Amino acid sequence: MGIGASLFLIALGAILTFALDVSISGLDLDVVGWILMVVGALGMVLTLTIWSSRRRSVVTTAPTERRVIEETRDTVPPGTV
């Protein structure tokens, strides 16, 4: 959802719940505001937990394997017999 969208839902829900004094038949704006604030808070928590898991870095200290490769040549260098 994102932090910005979560903050927007929380602010919109707070405005509907606390700032408006309007009544619409069949719709309670206070309940809609509370629902929007809860959804925004849940979105914020989920976004922060997802982003915090992405920021972790895993450092492994596995032993490295070293190989020594010996090269042999069967040819005689030029100028020697």
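What counts, and at which threshold
Residues numbered from 1 in each chain as written. Predicted model: local features only at pLDDT ≥ 70, side-chain atom pairs only at ≥ 80, totals over all residues. Heavy atoms only, no water. Helix = DSSP H or I, 4+ residues; strand = E, 2+ residues; numbered from the N terminus. Buried < 20%, exposed > 50% of the residue type's maximum accessible area, 1.4 Å probe, protein only. Contact = heavy atoms within 4.5 Å. Areas by Shrake-Rupley, 256 points an atom, 1.4 Å probe, with all protein chains shown as cover. UniProt positions renumbered as here; feature names shortened; annotations may be inferred.

## Describing the overall build of the protein
Looking only at helices and strands, the protein has two helices and zero strands in total. For the protein, buried positions account for 16% of its 81 residues. Restricting to contacts in the protein with at least 6 residues of sequence separation, those with at least 24 account for 57%. Per element, the accessible surface of the protein, about 7300 Å² overall, is 63% carbon and sulfur.

## Notes on the environment of glycine 4
On the secondary structure map, glycine 4 appears in helix 1 (residues 3-19). For the pair glycine 4 and glycine 43, spaced 39 residues apart in the sequence, the C-alpha separation amounts to 10.0 Å.

## Digging into the UniProt feature "transmembrane region" (unreviewed entry) in the protein
The feature "transmembrane region" (unreviewed entry), as annotated in UniProt, sits at residues 31-51 in this numbering. Strand forms 0% of residues 31-51 and helix 100%; the C-alpha atoms that close the span are 30 Å apart.

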